Protein chains: 2
Amino acid sequence: MHPEGAASAAEFGAAVKEFTSALGEDAVLTDAASLREFGDPYAPPEWANPQPALVVQPASLEEVQAVVRIANEHRLALWTVSRGKNNGYGGSAVAHPGSVLVHLGRMNKVAEVNEELAYAVVEPGVSFYDLYEELGRHGHRLWAAVPDLGWGSVLGNAVDHGIGYAPNGDRAASVCGMEVVLADGTIVRTGMGAMEGSPSRHLSKRGFGPTFDGLFMQSNFGIVTKVGIWLMPRPQVYSSCLVSVIDDGDLEALVDILRPLVLDGTITGQPGIFSPLPRADWVSGPWTLRFALYGREAEVDLKIATIRDAFAAIDGATVSENRYHGQPPQEASQTDKVHAGVPNQDMIDEIGLDDPNLPLGHTVFSSIVPNTGAHARAITELFRRHMRATGLPGGQSLVVHGRYITNLGLIAFPRDDRGAAEAVFEIYRTMVLEATALGYGEYRTHVSTMDMVAEQFGFNDHALLRTTEKIKDALDPNGILSPGKSGIWPSRLRGERGL
Amino acid sequence: MHPEGAASAAEFGAAVKEFTSALGEDAVLTDAASLREFGDPYAPPEWANPQPALVVQPASLEEVQAVVRIANEHRLALWTVSRGKNNGYGGSAVAHPGSVLVHLGRMNKVAEVNEELAYAVVEPGVSFYDLYEELGRHGHRLWAAVPDLGWGSVLGNAVDHGIGYAPNGDRAASVCGMEVVLADGTIVRTGMGAMEGSPSRHLSKRGFGPTFDGLFMQSNFGIVTKVGIWLMPRPQVYSSCLVSVIDDGDLEALVDILRPLVLDGTITGQPGIFSPLPRADWVSGPWTLRFALYGREAEVDLKIATIRDAFAAIDGATVSENRYHGQPPQEASQTDKVHAGVPNQDMIDEIGLDDPNLPLGHTVFSSIVPNTGAHARAITELFRRHMRATGLPGGQSLVVHGRYITNLGLIAFPRDDRGAAEAVFEIYRTMVLEATALGYGEYRTHVSTMDMVAEQFGFNDHALLRTTEKIKDALDPNGILSPGKSGIWPSRLRGERGL
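Residues numbered from 1 in each chain as written. Chains lettered and ligands numbered in written order. Predicted model: local features only at pLDDT ≥ 70, side-chain atom pairs only at ≥ 80, totals over all residues. Heavy atoms only, no water.

Colleague: Would you explain the overall build of chain A in this entry?
Modeller: Helix and strand counts for chain A stand at 13 helices and 19 strands. In terms of overall size, chain A behaves like a compact globule, its C-alpha atoms giving a radius of gyration of 23 Å where 499 residues would be expected to give roughly 23 Å. Reported as C-alpha extents along the three principal axes, the dimensions of chain A are approximately 70 × 55 × 50 Å. Excluding contacts between residues fewer than 6 apart, the proportion of contacts in chain A whose partners are at least 24 apart in sequence is 71%. When the accessible surface of chain A is split by element, carbon and sulfur atoms take 50% of a total near 15,900 Å². (Helix = DSSP H or I, 4+ residues; strand = E, 2+ residues; numbered from the N terminus. Rg over C-alpha atoms; globule rule 2.2 N^0.38 Å. Contact = heavy atoms within 4.5 Å. Areas by Shrake-Rupley, 256 points an atom, 1.4 Å probe, with all protein chains shown as cover.)

Below you can see the structure in the form of structure tokens.
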């Protein structure tokens, strides 16, 4: 196998030799059996998303530099993943056929934990479990925000705009100070890190001049090899809370009562509003709102009283809380763990993804909508209408940020059924088009649908995407880095984009 | 006068005609008396920073497009200001001699105030006074964060990383969703705004793919013509607080006691630690810490109790507060006004800048240091050592963010004394070099010292600045937009930079 349209078989063979010589024999995977492991684990095998032509696993900054040097020399397309989880969005499947997968799992050091200033510095291979373990060695005096599944990369999840639930759970916003390898092998440090030896490298997001961290997220302008991640000091009291409503029609009230409590800081972190799992009856309410409170005991008392009072406006709503003091909870519900930064995989079982009788594939319809009851209803009805028609299992959660909601609509299908997968992605694309008509954009999408999602951002003849392409060509003239990521193609492959 | 090295006098004359035809006679200023108004009001006239060769004042997006079209045609250097205040950092003085000043003061509409989702949308000409007035028409149910002086542009201050004190006082971080005119006249909208008609344009900072807002701040990649600004809902209770300590040596304790209270959210907004003004005895303590609390009455009660308790560890420290309910205070101290988003100019008198007997010029030594007592002491001693030697008036404030401090060291001098100004800027440069040795970078600097400050960010042979230049050349091939801003020069003028 060799990269289509990129290099001849002979040149590809020469590149494999160079990768092997630079990284070592065991860091380069070429056999078909190994390559099959690097697709989308939640889609039919070899469906839609090509496997990589080759997997290289650099273990250091210098080895990443060697990889881009070899790729430039042979005009190879690379596709970078941190740990390759990217759950529901394609795993480690590549966008461009024949790409060389750069898997950064071997760069797995927690480079620093700073208790005084509440941050950690991680390499791409560090999972949420790894970071949690390291924070444990520091007595869990700092808590990280974790997403629903703990297996992924702390860095990779953040640079893909991943969502956690505790404070700092807007994971891209918790990033401060990057180390990046550019396409030409140059190492840059962003923000205050651009000053040699600055102690503020992971403290201030901005240095002097423009700020780059956002530019290296969800893009293909460089390979991010290290980031600072802000953490929260352990609170005196941690209270994991649930609000349950009986009537599906209470969604609007739930959202509109919650909003001012988030905007005024009564509730911090990212509350989530869930339709019930497991999957029976998911297409109508009732709803459960989960969130957490952090602080001194008397503060939490006051906050919960305010909150109980506010939600009493909904007939039949119940508010419950579980309080914890000191260490984060170990034996607890998924909700209680996730709000305290305790990584886990419980959701896999709760959704039944790995049910041996019916292993499920899935993707996620993930739209940004304004944080109002009316918009929450609109995206809910859009999603439900299509899901009712499919009869397939799924689930919905609305993650509430200050001013917007990320609607996560999970669509599942029998994992090995190619026909079902085709149908689901067809429905997904229809949902995206209907969402665009309402001005709702996807915050993230499956590797196979990046082009069509990028295409929805069409203001002024896709002016922002065209600006992105100019930057791509300036920073990566040979177009080696992750062609197709977020719909960004280098000039030599731009014809592959639909536009 | 015509742009040095850019256009012939004849070509410049032709350009003036085109500007006049596109914008109207009164929007184009060419006479020497008018041009003199567009320098640095706080430096000797015509000193260090050249006046513009011409002032153009577009009143609409289309007129901004006309300006860049004409500039491209004639290879003119533009220098963009919003309202041109940029207090202490050069006013509307330009970096490159002969630049055409693009003054955006006529674009002064508050395009939207959204009470439900707590944001406003402003054009560059909107001052903090203008926005406050507009929020007043909405019953002051939303509060904006304001910097010490209210005359500046809400947009311009934010994109120059300006500092306010209330929540959302990290003003660059309060920006969400930009409209930008690129060098080629293309209008881009960032984030969710890249989707036509998205209602989330000013709600989510990120769209799909890389995030650009940070890239258009403190840079010269585009002319920012509109931004969303996040506001805070009016709190039930607002308490403006002061902590005073007697002993200069208590600075470390002040900082180290404050830090956990900021990191855990007890104190929101940006507290400031001030050496006393007026200027007598400014070179040693005592210190005053100012901050504010916002919330329900009982919450504020709890918070102030916690805070009193914490600062009781400092012998002789006093904690005082002024509580307000409802509308923001009108007749109050500068501190009480500024924490409630009430714009004012009180600081001018407090510092005595416009004392008719001795009008002062000034600049600000503005370094980012880690938020610890030891680093606060180190930057304080660095600043004091030089200030003692000069004998000139000045003052120091340390603005405390979660994990870092912005040290603002004001250095004043007799406004019309060129010798004194020279000496001050020489001392400033020495301070910057000494700060670099400690890893402390400037967050902002005077127009005349942008190159030397940019030069301090030298990691890997100035790799980040060189990356910035590649983007500059890709987006602005003729090098028309604000040459020299933040040390970023277009290729045709790159020789002007020291590096």
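Colleague: Even after reading the chapter, I still don't get the environment of Ala-310 of chain A, so can you show me in this structure?
Modeller: Residue and element names in this part refer to chain A. Position of Ala-310 relative to the elements: it lies in helix α7 (residues 297-311). Given the relative accessible area of 23%, Ala-310 is considered partly exposed. Placed 141 residues apart in sequence, Ala-310 and Gly-169 show a C-alpha to C-alpha distance of 24 Å. Among residues more than four places away in sequence, those in contact with Ala-310 are Ile-257 and Leu-261. (Buried < 20%, exposed > 50% of the residue type's maximum accessible area, 1.4 Å probe, protein only.)

Colleague: Got a minute to help me understand helix α1 (residues 9-23) of chain B in this structure?
Modeller: An α-helical turn contains 3.6 residues, so any two residues separated by three or four positions project in the same direction. All names here are of chain B. Across its 15 residues, α1 extends 21 Å between first and last C-alpha, which sits within 8% of the 21 Å expected from 1.5 Å per residue. The complete set of buried residues in α1 reads Phe-12, Ala-15, Val-16, Phe-19, Thr-20 and Leu-23. Here the buried residues of α1 occupy an arc of 140 degrees about the axis, which is enough to place them on one side. Of the residues in α1, the exposed ones pointing more than 90 degrees away from the buried face are Ala-10, Lys-17 and Ser-21. (Expected span 1.5 Å × (residues − 1). Arc of directions from axis to C-beta.)

Colleague: Where do I start with the relation of the copies chain B and chain A in this structure?
Modeller: Superposing chain B onto chain A takes a rotation of 180 degrees combined with a translation of 0.0 Å along the rotation axis, leaving an RMSD of 0.0 Å. On the angle and the small slide along the axis, the relation comes out as a two-fold axis. Counting the interface residues of chain B, we find that 100% of their copies in chain A are interface residues as well, pointing to one common contact surface. (Least-squares fit on C-alpha atoms with pLDDT ≥ 70 in both.)

Colleague: Looking at this structure, I do not really get the nonpolar core. What am I missing?
Modeller: One recurring pattern in soluble globular proteins is that nonpolar side chains are buried together. Counting residues in each nonpolar core, the largest one holds 238 residues, and the members touching the most others are Phe-311 of chain A together with Ile-273 and Phe-311 of chain B. The residues touching Phe-311 of chain A, leaving out its near neighbours within four places in the chain, are Val-243, Leu-254, Ile-257, Leu-258, Leu-261, Leu-289, Ala-317 and Val-319 of chain A. (Core = buried A, V, L, I, M, F, W, Y, C linked by side-chain atoms within 4.5 Å.)

Colleague: What exactly am I supposed to notice about the side chain of Asp-40 of chain A here?
Modeller: Residue and element names in this part refer to chain A. With respect to the helices, strands and loops of the structure, Asp-40 is situated in the loop between α2 (32-35) and β2 (54-56). Among buried charged residues, Asp-40 stands out as having no salt bridge; its nearest opposite-charge side chain is Arg-415, 7.9 Å away. A distance of 2.7 Å separates a polar atom in the side chain of Asp-40 from a polar atom in the side chain of His-446. Among all residues touching Asp-40, those that are not within four sequence positions of it are Gly-90, Gly-91, Ala-93 and His-446. (Lys, Arg positive; Asp, Glu negative; His and termini not counted. Salt bridge = Lys/Arg side-chain N within 4 Å of Asp/Glu carboxyl O. Polar contact = N/O pair within 3.5 Å; in protein donor to acceptor, adjacent residues only side chain to side chain.)

Colleague: What's the story with the packing of helix α6 (residues 251-263) of chain A against α7 of chain A in this structure? I'm lost.
Modeller: Working note: a packed helix pair is described by the angle between its axes plus the distance between those axes. Residues and elements named next belong to chain A. Interaxial distance between α6 and α7 falls to 10 Å at its minimum, and their mutual angle equals 150 degrees. Considering their axes alone, α6 and α7 lie roughly antiparallel with respect to each other. Considering only the axes of α6 and α7, their crossing is right-handed. Contacts between α6 and α7 pair Leu-254, Ile-257, Leu-258 and Leu-261 from the former with Thr-306, Ile-307, Ala-310 and Phe-311 from the latter. (Axes fitted to C-alpha atoms, helices over the stretch in contact; angles between N-to-C directions. Parallel < 35°, antiparallel > 145°, perpendicular 65-115°, else oblique. Left-handed = near helix turned anticlockwise from the far one by under 90°.)

Colleague: When you look at the domain arrangement of chain A in this model, what are you seeing that I'm missing?
Modeller: How big an interface is tends to be stated in terms of the accessible area lost upon association of its parts. Residue and element names in this part refer to chain A. For chain A, the domain assignment lists domain 1 (1-106 + 457-499), domain 2 (110-233) and domain 3 (237-449). Between domain 2 and domain 3, the C-alpha centre-to-centre distance is 25 Å. Taken together, the 26 residues of domain 2 in the interface contact 27 residues of domain 3. Contact with domain 3 buries area across many residues of domain 2, yet Tyr-132, Trp-143 and Tyr-165 alone supply 32% of it, more than any other trio. (Domains from an automatic or database assignment. Buried area = accessible area lost by both parts, 1.4 Å probe.)

Colleague: So what exactly am I meant to see when it comes to the packing of helix α10 (residues 373-390) of chain A against helix α11 (residues 418-437) of chain A here?
Modeller: Residues and elements named next belong to chain A. Two numbers describe how α10 lies on α11: the axes approach to 10 Å, and their chain directions differ by 160 degrees. Judged on the interaxial angle alone, α11 and α10 are roughly antiparallel. Between α10 and α11 lies a crossing whose hand is right-handed. Every residue of α11 that contacts α10 at Leu-382, Phe-383, Arg-385, His-386, Met-387 and Thr-390 is listed here: Ile-427, Thr-430, Met-431, Glu-434 and Ala-435. In terms of residue class, the contact of α10 with α11 is made up of six nonpolar, three polar and two charged. (Nonpolar A, V, L, I, M, F, W, Y, C, P; charged D, E, K, R; others polar.)

Colleague: What is the right way to look at the sheet that holds strand β16 (residues 360-370) of chain B in this model?
Modeller: By definition, the strands of a sheet pair up through backbone hydrogen bonds, in either a parallel or an antiparallel sense. Strand order in the open sheet made by the eight strands is β15-β12-β14-β13-β17-β18-β16-β19 (chain B), with antiparallel pairing throughout. Each having just a single partner strand, β15 (318-325) and β19 (441-442) of chain B make up the two edges of the open sheet. (Pairing = 2+ DSSP bridges.)

Colleague: What am I meant to see in the sheet that holds strand β9 (residues 187-189) of chain B here?
Modeller: Residues and elements named next belong to chain B. Here five strands make up an open sheet; going across it, the order is β5-β6-β10-β8-β9 and the pairing antiparallel. With partners counted over all chains shown, the strands left at the sheet margins are β5 (110-114) and β9, one partner each. For this sheet, the mean angle separating the axes of adjacent strands, direction not counted, is 10 degrees. Of the strand pairs in this sheet, β5 and strand β6 (residues 119-122) are connected by four bridges, and their pairing is antiparallel. Bridging from a neighbouring strand, Glu-112 pairs with Val-121 of β6. Where helix α3 (residues 61-74) meets the sheet, it contacts β8 (175-181), β9 and β10 (223-230), and its direction lies at approximately 50 degrees from that of β8.

Colleague: Which parts of the structure should I look at to understand the packing of aromatic side chains?
Modeller: By convention here, two paired aromatic rings are described through the distance between centres and the angle between planes. All names here are of chain A. In the structure shown here, the tally under the stated rule is 16 aromatic pairs over all chains. Centroid distance Trp-143 to Tyr-238: 5.6 Å. Interplanar angle 85 degrees. Geometry classified as edge-to-face. Here Trp-143, found in strand β7 (residues 142-143), pairs with Tyr-238, found in strand β12 (residues 237-244); they are 95 residues apart in sequence, far enough to count as distant. For Trp-143, a relative accessible area of 3% puts it in the buried group. (Phe/Tyr/Trp six-rings, centres within 6.5 Å; stacked < 30°, edge-to-face > 60°.)

Colleague: Teacher, can you tell me more about the pattern of salt bridges here?
Modeller: If charged atoms from side chains of opposite charge come close, those side chains can pair. Evaluated as defined, the whole model comprises 60 salt bridges over all chains. With a shortest N-O distance of 3.6 Å, Arg-259 of chain B and Glu-116 of chain A are connected by a salt bridge. Remark: Glu-116 of chain A occurs in the loop between β5 (110-114) and β6 (119-122) and Arg-259 of chain B occurs in helix α6 (residues 251-263); the pair is interchain, linking two chains. A salt bridge links Glu-469 of chain B to Arg-494 of chain B, with the shortest nitrogen-to-oxygen separation between them at 3.7 Å. In this pair, Glu-469 of chain B is assigned in helix α13 (residues 459-475) and Arg-494 of chain B in the segment after α13, connecting sequence segments 25 residues apart.

Colleague: Can you walk me through the pairing of strand β8 (residues 175-182) of chain A in this structure?
Modeller: Residue and element names in this part refer to chain A. Here β8 lies mainly inside the structure; eight of its eight residues are buried. Direction of pairing for β8 relative to strand β9 (residues 187-189): antiparallel, over a ladder of three bridges. Paired with Glu-179 across the strands is Arg-189, a residue of β9. Counting the residues in the hairpin turn of β8 and β9 gives four residues, including Gly-185, whose phi is positive at 90 degrees.

Colleague: What's the story with the side chain of Ser-239 of chain B in this structure? I'm lost.
Modeller: Residue and element names in this part refer to chain B. Mapped onto the secondary structure, Ser-239 falls in strand β12 (residues 237-245). For Ser-239, a relative accessible area of 0% translates into the label buried. Here the side chain of Ser-239 touches Glu-321 through a polar contact of 2.5 Å, side chain to side chain. Setting aside residues up to four positions removed in sequence, Ser-239 forms contacts with Phe-291, Ala-292, Leu-293, Val-300, Glu-321, Asn-322 and Arg-323.

Colleague: I would appreciate a short explanation of the confidence of the model for chain A in the present structure.
Modeller: The predicted coordinates should not be examined in detail at positions where pLDDT is low. Residues and elements named next belong to chain A. The pLDDT averaged across chain A works out to 94; a share of 96% of its residues lies at or above 70. A low-confidence stretch, residues 1-5 stays under pLDDT 50, and its non-local contacts, those more than four residues away or across chains, total 14 contacts. Taken together, the chains of this predicted complex give a pTM of 0.97 and an interface ipTM of 0.96. (pLDDT = per-residue confidence, 0-100.)

Colleague: Sorry if this is basic, but what is going on with unusual backbone geometry here?
Modeller: Trans peptide bonds make up most of the peptide bonds, and negative phi angles are found at most residues other than glycine. With a phi angle near 55 degrees, His-462 of chain A is a residue other than glycine that sits in the positive phi range. Mapped onto the fold, His-462 of chain A is located in helix α13 (residues 459-475). Although it is not a glycine, Asp-461 of chain B sits at a positive phi angle of roughly 55 degrees. Counting through the fold element by element, Asp-461 of chain B comes out in helix α13.

Colleague: Explain the interface of chain B and chain A here, please?
Modeller: With 88 residues of chain B at the interface, the matching set in chain A holds 88 residues. Regarding the contact of chain B and chain A, the summed buried area is about 7,300 Å², with carbon and sulfur atoms giving 67% of it. Counting the surface chain B buries against chain A, the share from its top three residues, Phe-208, Arg-403 and Phe-459 of chain B, is 14%. Where chain B touches chain A, the interface holds eight salt bridges. Between Asp-184 of chain A and Lys-470 of chain B there is a salt bridge, and its shortest N-O distance comes to 3.4 Å. Connecting chain B to chain A are 28 residue pairs in polar contact (both at pLDDT 80 or more). If you list the elements that add at least two residues to the side of chain B that touches chain A, you get β9, α6, α7 (297-311), β16, β19, α12 (450-455) and α13 of chain B. The element contributing the most residues to the side of chain B that touches chain A is α13 of chain B, with ten residues. For the side of chain B that touches chain A, the per-class residue count stands at 43 nonpolar, 30 polar and 15 charged.

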